[in-house]
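# Chains, contacts and geometry: an overview
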Amino acid sequence: MTDFDRVRPLVTVEDRSRQFSVSAIGNEWSRRYFDGPFYLHDAPAGRPAISLVFVQSKDGNTVAENPADLGGGPTDLHLIYEGLSRVAADAVLAGASSVGPNTLFTIHHPALVLLRYELGLPPHPTQIVLSKSARLDRSARIFNTPDVPSMVIDGSEPLPEALARLRRDHGIRRISCVGGRTTATSLVNAGLVQDIYLTTTAIEAGEPHTPWYAGGRPPRLETIVRKREVTNHLPLVFEHLAIAGAPFAR
Ligand SMILES: NC(=O)c1ccc[n+]([C@@H]2O[C@H](COP(=O)([O-])OP(=O)(O)OC[C@H]3O[C@@H](n4cnc5c(N)ncnc54)[C@H](OP(=O)(O)O)[C@@H]3O)[C@@H](O)[C@H]2O)c1
C-alpha cells in the first residue's frame, strides 16, 4: 500500500457554490474523492488569481517545524495541498521561511498529474519565493531543477505591481500561495487574495497562537463549500472560503 492509497474521500457538508462566480474543475478520480467539483475564481483584470492553502490544527495553529505534525495526513497532502489547490495553478508562491534545501512545489498523485495535463498545463508550476533579505540559498533545489522556472519577489516594488508584472510579462494567471502566515498576511493585506483552501485537523498541535492570518485586520470569510473526511479516525474538515471584498473577476 502506498501513501496515495491512504487518501480518504471527503463528503460534502455544505455547498454554497451557486452563490459565487466560480469555475469547476475535476476528473473522475478527483470528483469521487472530493465529492464533487473543485472550484476556482477566475483572475481579476491585470493580475493573477491568488488562493491560499493552509492546514491548521484543531486549535487553529499553522506553524510547526514539520507541517505534517499538524495532522493533515495523506488526504490533505495528496488531495488538497499537493493536489487540487495547485493542479490548475501556473505558479506556486511561498515565503522564504517555508522553502527548504529540497523543496519543490509540484503534483505527485498520478490522477492529479493527469488532471493537470488535461487542463493543458506544464507538469510543474513556476516556483516563486518571496524574500526581501536576499538571504536565500540559491543552491536550493527550487532554483535548480531543469524545466522548472523559478523566480524571487524581492520587495523592490510593491506586491500589487510585482504580481501585475508576473501576469503581464510571464503570463501567470493563477497562483497557489502555500504560506507561511507572514507571506499570506502580506498578500491578504494588499487585497490580492480571492480564496483560502483551509484544512482543519482533529488534533491539537503546532506552535500556539499561530493562526494563518497574522495581521490586525482579519478578512471576513464566506463559505463556498465545507467537507468532512470519511473516516472514523480523526476526520479532517476542509473549507473553501472566499475572502469578502477581494478583487474578483467580473
Ligand atoms: N500550516 C501550513 O499550511 C503551513 C504552510 C506553510 C508554512 N508553514 C509553517 O510556517 C512556518 C513559516 O511561516 P512564517 O510565517 O514564519 O514565514 P513565511 O511566510 O514562510 O516566510 C516569511 C519570509 O518571507 C518573506 N516575505 C514575507 N512577506 C514578504 C513581503 N511582503 N515581501 C518580501 N518578502 C516577504 C521574508 O523573507 P526574508 O526574511 O528572506 O526577507 C519573510 O521573512 C514554518 O514553520 C512552516 O513549516 C505552515
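Here goes a summary of the coordinates provided. Since the model is a prediction, treat every value here as computed from it, not as a measurement. What you see as residue numbers is a count from 1 along each chain, following the sequence as written. Owing to the predicted nature of the model, reporting of local features is limited to residues with pLDDT of at least 70; listing and counting of side-chain atom pairs is limited to 80 or more, with chain, interface and lining totals taken over all residues. Working from all heavy atoms in the structure, the side-chain values ignore hydrogens and water.

## With respect to the overall build of the protein
Scanning the protein from terminus to terminus reveals 5 helices and 11 strands. With respect to the three principal axes, the spread of C-alpha positions in the protein is 50 × 40 × 40 Å. Classification of residues uses two cut-offs on accessible area relative to the type maximum, computed with a 1.4 Å probe and protein chains only: under 20% is buried, over 50% is exposed, and between them is partly exposed. With 250 residues in all, the protein has 50% of them scored as buried. Sequence-distant contacts, at least 24 apart, represent 74% of the contacts inside the protein between residues at least 6 apart. Per-residue and other accessible areas follow the Shrake-Rupley method at a 1.4 Å probe size, with only the shown protein chains counted as cover for residues. Of the roughly 12000 Å² of accessible surface on the protein, 49% is carried by carbon and sulfur atoms. For the purpose of charge, His is not counted, nor are the chain termini; Lys and Arg are scored as positive and Asp and Glu as negative. The location of each charge is read from NZ of Lys, CZ of Arg, CG of Asp or CD of Glu. Here the protein holds 26 positive side-chain charges and 26 negative ones, and the gap between their average locations is 5 Å. Runs of E in the DSSP output that reach at least two residues are strands. Runs of H or I that reach at least four are helices, and both are numbered from the N terminus. Two residues qualify as a contact provided that any one of their heavy atoms is within 4.5 Å of a heavy atom in the partner residue.

## Re the pattern of salt bridges
A pairing counts as a salt bridge when a side-chain nitrogen of Lys or Arg comes within 4 Å of a carboxyl oxygen of Asp or Glu. Within this structure, the stated rule accounts for 6 salt bridges. With a closest N to O distance of 3.4 Å, R32 and E28 form a salt bridge. Taken together, the residues R32 and E28, both in helix 1 (residues 28-34) and 4 residues apart, mark about one turn of the helix. Residues R168 and D169 are paired through a salt bridge, measuring 3.3 Å at the closest nitrogen-oxygen approach. By relative accessible area, R168 is classed as exposed at 59%. Members of the salt-bridge network, linked through shared partners, are E14, R226 and E239.

## Remarks on the site of the ligand
Taken together, 24 residues lie near the ligand, and S98, S131, K132, S133 and T182 sit nearest. Counted as a polar contact is a pair of N or O atoms within 3.5 Å, where, for protein atoms, one must be capable of donating a hydrogen and the other of accepting one, and residues adjacent in sequence contribute only when both atoms are in side chains. A64 is positioned such that a nitrogen or oxygen atom in its backbone is 3.0 Å from an oxygen atom of the ligand. S98 has a polar side-chain atom sitting 2.6 Å from an oxygen atom of the ligand. Considering the ligand on its own, with 930 Å² of exposed area, one finds that the protein chains cover 82% of that surface. Sorting the residues of the shell around the ligand by element identifies strand 4 (49-56) and helix 5 (181-189) as the ones contributing at least two each. No other element matches the 4 residues that helix 5 contributes to the shell around the ligand. A class-by-class count of the residues in the shell around the ligand yields 10 nonpolar, 11 polar and 3 charged. Only a single heavy atom is needed: when it lies within 4 Å of a molecule or strand, its residue is near that molecule or strand. Each residue is assigned to one of three groups, with Ala, Val, Leu, Ile, Met, Phe, Trp, Tyr, Cys and Pro labelled nonpolar, Asp, Glu, Lys and Arg labelled charged, and all others, Gly among them, labelled polar.

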